[in-house]
Amino acid sequence: MTQEQNQQHISIPVTGMTCNGCKSNVEKALESTPGVIKSEVNLGLKQAEVNYDPSVVTPQQLVDAIRERGYNATLPPSE
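What comes next is a walk through the structure. Predicted model only: the values in this text are computed from it and were never measured.

## What about the environment of Ala 73?
Okay, so step 1: Counting through the fold element by element, Ala 73 comes out in strand E4 (residues 72-73).
Okay, so step 2: Through-space distance from the C-alpha of Ala 73 to that of Ile 37 is 19 Å; in sequence the pair is 36 residues apart.

Below, the structure is given as structure tokens:
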């Protein structure tokens, strides 16, 4: 599929989550963002693992979607 060919992965640090409801809220914010293929939030590690289509959504837009739900998210440091 085209989505799989264009798929990229990013780990986004997220702070401000205190419970599974928060985790779910962040996942819903990401999954409702066009271009997101899959998201999984780890409450313990305080990060969101996101597979996305870079032709549809940018990493900054993913961070913005999390921030709009009231959590702090930042782009990961460049490698």
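## Some words on the pairing of strand E3 (residues 47-52)
Okay, so step 1: Where strand E1 (residues 8-15) lies against E3, six bridges are found, and the strand directions are antiparallel. Each residue of the ladder has a partner; that of Ser 11, found in E3, is Glu 49.
Okay, so step 2: With six bridges connecting them, strand E2 (residues 36-42) and E3 associate as antiparallel partners. Of the residues in E3, the one forming a bridge with Lys 38 is Asn 51.
Okay, so step 3: Counted along the chain from E2 to the antiparallel partner E3, the turn is four residues long, and its residue Lys 46 has a positive phi close to 55 degrees.

## Overview of unusual backbone geometry
Okay, so step 1: Backbone geometry places Lys 46, a non-glycine residue, at a positive phi of 55 degrees.
Okay, so step 2: Relative to the elements of secondary structure, Lys 46 occurs in the loop between E2 and E3.
Okay, so step 3: Judged by relative accessible area, which is 46%, Lys 46 ranks as partly exposed.

## A word on the nonpolar core
Okay, so step 1: Counting 18 residues, the largest nonpolar core has Ile 12, Val 14, Val 26, Val 50, Leu 62 and Ile 66 as its most contacted members.
Okay, so step 2: Mapped by element, the contributors of at least two residues to this core are E1, helix H2 (20-31), E2, E3 and helix H3 (59-68).

## Some words on the sheet that holds E3
Okay, so step 1: On the basis of which strands lie adjacent, the open sheet formed by four strands has the order E2-E3-E1-E4 and antiparallel pairing. The open sheet has two edge strands, E2 and E4, and neither has a second partner.
Okay, so step 2: The sheet strands contacting H2 are E1, E2 and E3, and the helix crosses E2 at an angle near 165 degrees.
Okay, so step 3: Most of the contacts of H3 go to E1, to which it runs at about 35 degrees, and overall it touches E1, E2, E3 and E4.

Each value, and the rule that gives it
- Residues numbered from 1 in each chain as written.
- Predicted model: local features only at pLDDT ≥ 70, side-chain atom pairs only at ≥ 80, totals over all residues.
- Heavy atoms only, no water.
- Helix = DSSP H or I, 4+ residues; strand = E, 2+ residues; numbered from the N terminus.
- Pairing = 2+ DSSP bridges.
- Buried < 20%, exposed > 50% of the residue type's maximum accessible area, 1.4 Å probe, protein only.
- Core = buried A, V, L, I, M, F, W, Y, C linked by side-chain atoms within 4.5 Å.
- Contact = heavy atoms within 4.5 Å.
- Axes fitted to C-alpha atoms, helices over the stretch in contact; angles between N-to-C directions.

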